Amino acid sequence: MMPLRLPSIAAGALVVLVLSPIAHAAPLATRDVCTTATAAADNDYNALKKDLQRRIADDGHPDKSELQALQDADAKRVITASQAQRACEP
């Protein structure tokens, strides 16, 4: 599951840069940046979900940390979408 952390970190860094106070000093973040950040968060969540579904289908049982990682990715996805909407919508 470690390889999935790098895209998460990159997406988080992108969101922080886009939605930082410096970015708010600019007129509005570009829609491309917001779309990219939202897509990265969605991709992280979907990759974790697909991995867990595959494990369950193979008669595996995800542990608490894997389920927590999925919940964290879902929360990050919702937060990113909300922040992107505020930063990019007129």
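Described below are features of the structure shown in this document. Remember, predicted model here, so these are calculated numbers, not experimental data.

Moving on to the state of the cysteines. Considering all chains together, one arrives at one disulfide under this definition. In this model Cys-34 forms its disulfide with Cys-88; the gap between the sulfur atoms is 1.5 Å. Taking the torsion about the sulfur-sulfur bond, which here is approximately 60 degrees, the covalent link between Cys-34 and Cys-88 counts as right-handed. In this pair, Cys-34 is assigned in helix α3 (residues 31-57) and Cys-88 in helix α4 (residues 64-88), connecting sequence segments 54 residues apart. Each member of the pair Cys-34 and Cys-88 is classed as buried.

Bringing the nonpolar core into the picture now. Counting five residues, the largest nonpolar core is built from Tyr-45, Leu-48, Leu-52, Leu-70 and Ala-73. Elements represented by at least two residues in this core include exactly α3 and α4. Per-element accounting of this core gives the leading share, three residues, to α3. If we skip the residues at most four places from it in the chain, Tyr-45 touches Leu-70, Ala-73, Asp-74 and Arg-77.

Using the criterion set out here, one finds three salt bridges in the structure. Linking Asp-51 and Arg-54 is a salt bridge whose minimum nitrogen-to-oxygen distance equals 3.0 Å. With Asp-51 and Arg-54 both in helix α3 and three residues apart, this pair spans about one turn of that helix. Taking the shortest distance from any N to any O, the salt bridge between Arg-55 and Glu-66 comes out at 2.4 Å. Of the two residues, Arg-55 sits in helix α3 while Glu-66 sits in helix α4, which places them 11 residues apart along the sequence. Classification of Glu-66 as buried rests on a relative accessible area of 10%.

What follows is about unusual backbone geometry. In this structure, Asp-59 is a non-glycine residue whose phi angle is positive, near 65 degrees. Mapping Asp-59 onto the fold places it in the loop between α3 and α4. When its relative accessible area of 66% is taken as the criterion, Asp-59 is described as exposed.

So, about α3. Given a rise of 1.5 Å per residue, 27 residues ought to cover 39 Å, and the 38 Å separating the end C-alpha atoms of α3 matches this to within 8%. Taken as a whole, α3 has its buried residues at Cys-34, Ala-37, Thr-38, Ala-41, Asp-44, Tyr-45, Leu-48 and Leu-52. Taken from the residues just after α3, Asp-59 is the one with a positive phi, measuring 65 degrees.

Attention now moves to α4. For α4, spanning 25 residues, the distance from its first C-alpha to its last is 35 Å, which sits close to the expected 36 Å at 1.5 Å a residue. Among the residues of α4, those classed as buried are Glu-66, Ala-69, Leu-70, Ala-73, Thr-80, Ala-84, Ala-87 and Cys-88.

Cut-offs and rules
Residues numbered from 1 in each chain as written. Predicted model: local features only at pLDDT ≥ 70, side-chain atom pairs only at ≥ 80, totals over all residues. Heavy atoms only, no water. Disulfide = S-S within 2.5 Å. Helix = DSSP H or I, 4+ residues; strand = E, 2+ residues; numbered from the N terminus. Buried < 20%, exposed > 50% of the residue type's maximum accessible area, 1.4 Å probe, protein only. Core = buried A, V, L, I, M, F, W, Y, C linked by side-chain atoms within 4.5 Å. Contact = heavy atoms within 4.5 Å. Salt bridge = Lys/Arg side-chain N within 4 Å of Asp/Glu carboxyl O. Expected span 1.5 Å × (residues − 1).

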